[in-house]
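Architecture at a glance
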Amino acid sequence: MAQFCDVALPVPLDSLFTYRIPEEMAPAVGARVLVPFRQQRLVGIVTELHDRPPSVAAKDILRVMDLEPAVDGQLRELAAWISRYYLAPLGEVFPTMLPLAAEFKRNIAYRITERGGLALHQAAETGSSARARKTPDDQLAEFRALEYLASGEAEKESTLRSAARVSRAILAGLVRKKWITREDISDAQEAARTVQIAVLKSAEGKLNANQRRLIDALESSGGKLLVEGLPRLDVPRTTLQTLVRRGLVEIVEEPAEFTVSRAQPRPSPFHFQFNAAQRNALEKIKDSAATRHFSAMLLHGVTGSGKTAVYLAAMRAVLDASRSAILLVPEIGLTPAVAADLHQLFGNEVAILHSALSGKERVEQWRRIKRGEARMVVGTRSAVFAPVPDLALIIVDEEHDSSYKQEEMPRYHARDVAVMRAKMADAVVILGSATPSLESYFNAKKNKYALLELPDRVERRPLPEVEILDMRQEFQQSGEEQVVSRKLAEEIKERLARQEQVMVLLNRRGYSPVVLCRACGNTMQCQNCAVALTHHKREHRMVCHYCGLTAPVPKKCPKCGSEYVHFLGTGSEKLEELLHGLFPQARIGRLDRDTVRSHRDFERTLNAFNAGDLDLLVGTQMIAKGHDIHGVTLVGVIGADIALGLPDFRAAERTFQLLTQVAGRAGRGATPGKVVLQTYFPEHYAVQYAAAHDFAGFYDKELRFRSWMHYPPYSALANVLVRSTKLNEALEWSGIIGQWFEKTRHEGVRVMGPAAAPIVRLKQDYRYHFVLKSQSREKLNTVLRAMLAHAQGEKIPRTQVIVDVDALWLM
């Protein structure tokens, strides 16, 4: 048996750590282990078992948390690729792959030291009454903590803080004085979800009115009721406790049920005839999966062309062969509808994985997949790591969507990881979209991916008519700034009169994005970020959409004291209010991050819209993707060309994709649809091609611009961001790295920078960046790795130098 093991830990260090294996333990490669690391306990993944003693004394493993590997060989290989390609520490990749944090509970305990006991003894000699008169509040709190710990036993932080009424700051101060010690006692915990059930044992005996009501409710429900549902009976809590003491009712714990989706499933895609293009695409996918060889395909189909039906049919073929499939969707909001479709077709073979689930729910779903109980998995980007057996098919729906790129360590792109995982598993990967990313379409044109086309909508339904409305002319004709143009208001009125549904997109949250003083010109800025605060009227506060800072709504200018404070611009909240004013009889809903706090909120609103309980739906880009609502015959687009003014080479592509996607929500039923597109850039090619539903035309024009400037797909790109809460540090560190780039030869790699990031301060960090381009990914990776090594040698903290390979966000 091996004496030592190497463990990957979730710390920002590019190294593994060697631990000694106690005789009674036998960890497997890929299993989780609990180990001591500095003054804390961490969960890591075993990467190797060996007998090579380290150069320093090795600490013992504390606990083996898995009898079998949590990460199998194929997923370990994928993790190693992510670590190399995205320059991420391996130990920070594994936690992203394993949604098992709920099986580990972090606990801190404190114990009094000899020095602390002496301080407590000296304080006791002065007398408690004298101490209370002369001692500041913080010192009194310290002595309360010391008195509680006087027995010498270690006490949990939560217990100590509650009993001694002390803050974390007080405890940290005591640790610095060495009066107490801080101990990490974190350990594994049970993550099973349970609910309490009240079970009726007997209905005999004398009962008061409340007791009778509760007993009657239990009898009418078959003798069992959820304890959490009892408050609806309007009886005191003590009633249940009394019945339990008398032996009439028993409380038992049972496993909690999991609802895959509360969304209404759409009609089965197998109830209508596939057209020739759908049949051709499906046959090619099935044939490729049957060969058990890697194949990558781009499924390019116009909006409403039946891509989802092809996905589901391919997944059914995979399941019929007793193999597994993963379906990725870009937004949590799209998961319920797709999960409902899958559950309707495949029943309990479906599992769901996304961040809106609770920690215990994620553990439960992951365990079902790991045991082979669910072979069909649907989820957002992290679902690409689902531990399915015998993987045959990965589908990336709306593959162009930027939500697939993670903006924190590890900064992986789920679409590219899906391609690599399929390659390692000899599986088929399908990238689907009506507006493919330029990189994916370029790969398809170069025959790196097979190109499958769905050029027509199902049942030959027409694509919606798009009318471009020049808002410059609207202002000249009306003499005032209009949020909802006269034409759009007229079209909405007609649809409501015909009892048809309408969607209106404004891709900006809040009520007003800018608060301006008309006397001095000051705008309310976030204290932590170089951005303006947004006014949220319903919550009556100012909010930063980057760091979450909130501030009261100003009545006077905080700079000059003037009362002439003006709220400029329009967000989705204000648009909803305006539409209520224009159409008071209409039932209007709104979907944005302010109204959607959980996936249940999203399901509730979308179900109401699907059922016809809402006439008009307002929202941000949440409403633009993937929704198949047949009652929508009009889509209004307000300010969707805002992104064209951003310093981002992908601005035109993002605008084209958003306009095309939201336009595709119209006319998906029997009635033809229409789109009214309000813009201040009517001549821009992104707007023109989106209005004409001409992806090929946009692709050719945008590709010419990319080739001239050597941007992707003609080169690989990385963004190196240097950040610090201190401006002088950010400048110094970016200068050190900039000098290294200047002095070192980097053949085939172009370096631009350092320069201030477009948003120079974000979440209290000052930010400077470099943009690197190269036609060789290998050369780019080599330069980035050397740069990180140099930064480490210059004592620049690893967490303050962010390397974003294939960056989508350069702001």
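Each remark here, short or long, concerns the structure printed above.
Everything in this summary refers to the structure shown in the same document. (Residues numbered from 1 in each chain as written. Predicted model: local features only at pLDDT ≥ 70, side-chain atom pairs only at ≥ 80, totals over all residues. Heavy atoms only, no water.)

1. Regarding the overall build of the protein
- In terms of regular secondary structure, the protein is built from 24 helices and 35 strands.
- In summary, the protein has a C-alpha radius of gyration of 30 Å against a globular reference of 28 Å for 811 residues, a match within 12%.
- In terms of overall dimensions, the protein has a C-alpha envelope of 85 × 85 × 75 Å along the principal axes.
- Considering the protein as a whole, with its 811 residues, one finds that 53% of them fall into the buried category.
- Sequence separation of 24 or more characterises 75% of the internal contacts of the protein that already satisfy a separation of 6 or more.
- When the accessible surface of the protein is split by element, carbon and sulfur atoms take 49% of a total near 37600 Å². (Helix = DSSP H or I, 4+ residues; strand = E, 2+ residues; numbered from the N terminus. Rg over C-alpha atoms; globule rule 2.2 N^0.38 Å. Buried < 20%, exposed > 50% of the residue type's maximum accessible area, 1.4 Å probe, protein only. Contact = heavy atoms within 4.5 Å. Areas by Shrake-Rupley, 256 points an atom, 1.4 Å probe, with all protein chains shown as cover.)

2. Details of the packing of aromatic side chains
- Tallied over the entire structure, the rule returns 17 aromatic pairs.
- With 4.3 Å between their ring centres and 0° between their planes, phenylalanine 656 and phenylalanine 698 make a pair best called stacked. Of this pair, phenylalanine 656 sits in helix H20 (residues 651-663) while phenylalanine 698 sits in helix H22 (residues 695-709), and the two are 42 residues apart along the sequence.
- Of the residues examined, phenylalanine 656 reaches a relative accessible area of 1% and is grouped as buried.
- Seen in terms of ring centroids, tyrosine 685 and phenylalanine 705 are 5.5 Å apart; in terms of plane orientation they differ by 55°. Their pairing is tilted. You can see tyrosine 685 sitting in helix H21 (residues 685-691) and its partner phenylalanine 705 sitting in helix H22, a full 20 residues away along the chain.
- The structure contains a cluster of three or more aromatic residues connected by ring pairs, namely Tyr441, Phe656, Tyr685, Phe695, Phe698, Tyr699, Phe705 and Trp708.
- Its guanidinium or amino end placed over the ring of tyrosine 766, arginine 761 lies 5.0 Å from that ring's centre, counting from NZ or CZ.
- Of note, lysine 773 hangs over the ring of tyrosine 711, and the distance from its end group to the ring centre comes to 3.8 Å. (Phe/Tyr/Trp six-rings, centres within 6.5 Å; stacked < 30°, edge-to-face > 60°. Lys NZ or Arg CZ within 6 Å of the ring centre and 35° of its normal.)

3. Considerations on a nonpolar patch on the surface
- On the surface, a cluster of nonpolar side chains totalling about 350 Å² of accessible area is made up of Phe705, Trp708 and Met709.
- Within the secondary structure, tryptophan 708 sits in helix H22. (Patch = residues over 30% accessible without salt bridge, like charges linked within 9 Å, V, L, I, M, F, W, Y side chains within 5 Å. Salt bridge = Lys/Arg side-chain N within 4 Å of Asp/Glu carboxyl O.)

4. Considering the pairing of strand S19 (residues 428-433)
- Of all six residues making up S19, six are buried, and the element is well covered by its neighbours.
- Judged by which residues are buried, S19 turns out to be covered on both faces: Val428, Ile430 and Gly432 on one side and Val429, Leu431 and Ser433 on the other are all buried.
- With six bridges connecting them, strand S14 (residues 295-301) and S19 associate as parallel partners. The residue bridging serine 295 from the neighbouring strand is valine 428, located in S19.
- Across five bridges, strand S18 (residues 391-397) lies against S19 in parallel orientation. Bridged to isoleucine 395 within S19 is isoleucine 430.
- Of the crossover connections in this fold, the one passing from S18 over helix H14 (residues 414-425) to the parallel S19 is right-handed. (Pairing = 2+ DSSP bridges. Right-handed = clockwise from strand over helix to strand, strands pointing away.)

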